[in-house]
Amino acid sequence: MLVTGGTRGIGLMIARGFVEAGAKVWISSRKADACAEVAGSLGCQAIPADLSTPEGIAGLAEELTAQVPSLDVLVNNAGATWGAPLEEYPDSAFDKLWATNVKPVFRLTISLLPLLRAAATPDDPARVINIGSIDGIAVPAMEVYAYSSTKAAVHMLTRHLAHQLATESITVNAIAPGPFDSKMMAFALDNPDVRAEIAGRVPLGRIGRPEDMAGTAIFLASRAGGYLTGAVIPVDGGLSTHG
């Protein structure tokens, strides 16, 4: 399986969970040194790549194809965020986040279709798992206009790809995380008072844990998730129930 953005945050939670479950895992991120460090600590393989560029996507697909004959699970996790007040929000944020959060999900999935097809069977489909966000379902409290919009796009892209690829025995689902400890949320969660405030808004009363994220991804990749496609699963402690 391949996890993009697998050197930190949610990607690392998922990669570690699959390694501990006995899967053969490849991770990818922009920084070669981070890839090498995390791969060494987890006991997995790494392929550095900048997925915001066509060259990076092509290079990752070519390198993985040279190493494996098939791919059972693709986790499209790499992403970025951007916050700014409404009237100061720059066009560049939309350009960057579209190129980072949405286009690579589409282009990398297409580039890896030969490997996914090689792994897919009617009884055990190949899996694509896209990482969206609760911010793509419910309006967030923070001013992250491009981020929430691109994550909503990831959710719709998930459904579209699921419909298109179902006849090829490839499932496509998305996970929409709520608050988890990651670099994206460190600015808030590293502050004990803010952390407590955010946890207090979550109906289940806490921040997400690594096993919450890894467990959901493992479920989607398991036999139990083999008849599920086109779903967007909120892993948010109930935040999405606020509407």
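Residues numbered from 1 in each chain as written. Predicted model: local features only at pLDDT ≥ 70, side-chain atom pairs only at ≥ 80, totals over all residues. Heavy atoms only, no water.

Chemist: Can you explain empty space enclosed by the protein? Please cite residues and give values.
Modeler: Evaluation of the coordinates by the stated rule reveals 1 cavity of 30 Å³ or more. Here the largest cavity defines a volume of roughly 40 Å³. Contributing to the lining of the largest cavity are Thr-4, Leu-51, Asn-76, Asn-77, Ala-78, Pro-104, Val-105 and Leu-108. Here the element with the most residues in the lining of the largest cavity is helix 4 (residues 91–111); it accounts for 3 residues. In the lining of the largest cavity, the residues fall into 5 nonpolar, 3 polar and no charged. (1 Å grid on protein atoms, 1.4 Å probe; cavity = no way out; pocket = protein on both sides within 12 Å on 5 of 7 lines; lining within 4 Å. Points joined across faces, edges and corners; volume = space filled by probe spheres on them. Helix = DSSP H or I, 4+ residues; strand = E, 2+ residues; numbered from the N terminus. Nonpolar A, V, L, I, M, F, W, Y, C, P; charged D, E, K, R; others polar.)

Chemist: Please set out the packing of aromatic side chains residue by residue, giving values where relevant.
Modeler: Under the definition given, this model contains 2 aromatic pairs. Between Tyr-89 and Phe-94, the aromatic rings sit 5.7 Å apart at their centres with planes inclined by 70°, giving edge-to-face as the arrangement. For Tyr-89, a relative accessible area of 12% corresponds to the buried category. Taking the relative accessible area as the measure of exposure, Phe-94 reaches 37% and is therefore partly exposed. Ring centres of Tyr-89 and Tyr-145 lie 5.2 Å apart, and the angle between their planes is 90°; this geometry places the pair in the edge-to-face category. Of this pair, Tyr-89 sits in the loop between strand 4 (73–76) and helix 4 while Tyr-145 sits in helix 6 (residues 145–165), and the two are 56 residues apart along the sequence. Of the residues examined, Tyr-145 reaches a relative accessible area of 27% and is grouped as partly exposed. Feature note: the residues Tyr-89, Phe-94 and Tyr-145 constitute an aromatic cluster, connected by ring pairs. (Phe/Tyr/Trp six-rings, centres within 6.5 Å; stacked < 30°, edge-to-face > 60°. Buried < 20%, exposed > 50% of the residue type's maximum accessible area, 1.4 Å probe, protein only.)

Chemist: Talk me through the side chain of Asp-236; I want residue IDs and the actual numbers.
Modeler: Locating Asp-236 in the fold gives a position in the segment after strand 7 (232–235). Although buried, Asp-236 forms no salt bridge, and the nearest oppositely charged side chain, Arg-206, lies 10 Å from it. Here the side chain of Asp-236 touches Gly-238 through a polar contact of 3.0 Å, landing on its backbone nitrogen. Of the polar contacts made by the side chain of Asp-236, one reaches the backbone nitrogen of Ser-240; its length is 2.7 Å. (Lys, Arg positive; Asp, Glu negative; His and termini not counted. Salt bridge = Lys/Arg side-chain N within 4 Å of Asp/Glu carboxyl O. Polar contact = N/O pair within 3.5 Å; in protein donor to acceptor, adjacent residues only side chain to side chain.)

Chemist: Tell me what's going on with the nonpolar core, and back it up with residues and numbers.
Modeler: Of all hydrophobic cores here, the largest spans 30 residues; its most connected members are Leu-2, Leu-64 and Leu-112. For this core, the elements supplying multiple residues, two or more each, are helix 3 (54–67), helix 4, helix 5 (113–119), strand 5 (126–131), helix 6 and strand 6 (170–177). Tallying contributions element by element places helix 6 first for this core, with 5 residues. Excluding residues that lie within four positions of it along the chain, Leu-112 makes contacts with Leu-2, Ala-61, Leu-64, Leu-71 and Leu-74. Grouped together as the second largest cluster of nonpolar side chains are 25 residues, Ile-10, Ile-14, Ala-39 and Ile-175 included. (Core = buried A, V, L, I, M, F, W, Y, C linked by side-chain atoms within 4.5 Å. Contact = heavy atoms within 4.5 Å.)

Chemist: Run through a positive patch on the surface, naming residues and quoting values.
Modeler: On the surface, Arg-8, Arg-30, Lys-31 and Lys-96 cluster together to form a positively charged patch. Classification of Arg-8 by relative accessible area gives partly exposed; the value is 43%. (Patch = residues over 30% accessible without salt bridge, like charges linked within 9 Å, V, L, I, M, F, W, Y side chains within 5 Å. Areas by Shrake-Rupley, 256 points an atom, 1.4 Å probe, with all protein chains shown as cover. Charge placed at Lys NZ, Arg CZ, Asp CG, Glu CD.)

Chemist: Go over the pairing of strand 4 with me, naming the residues and quoting the values.
Modeler: Of the two faces of strand 4, the one lined by Val-73 and Val-75 and the one lined by Leu-74 and Asn-76 are each fully buried. As paired elements, strand 1 (residues 2–4) and strand 4 share 2 bridges and run parallel to each other. Residue pairing in the sheet places Val-3 in a bridge with Val-75 of strand 4. Bridge count between strand 4 and strand 5: 4 bridges; the pairing is parallel. In the strand pairing of strand 5, Val-75 is matched with Ile-129. (Pairing = 2+ DSSP bridges.)

Chemist: Could you give me a rundown of unusual backbone geometry, with the residues and numbers involved?
Modeler: For Ser-169, which is not glycine, the phi torsion reads 60° and is therefore positive. The class for Ser-169 is buried, based on a relative accessible area of 15%.

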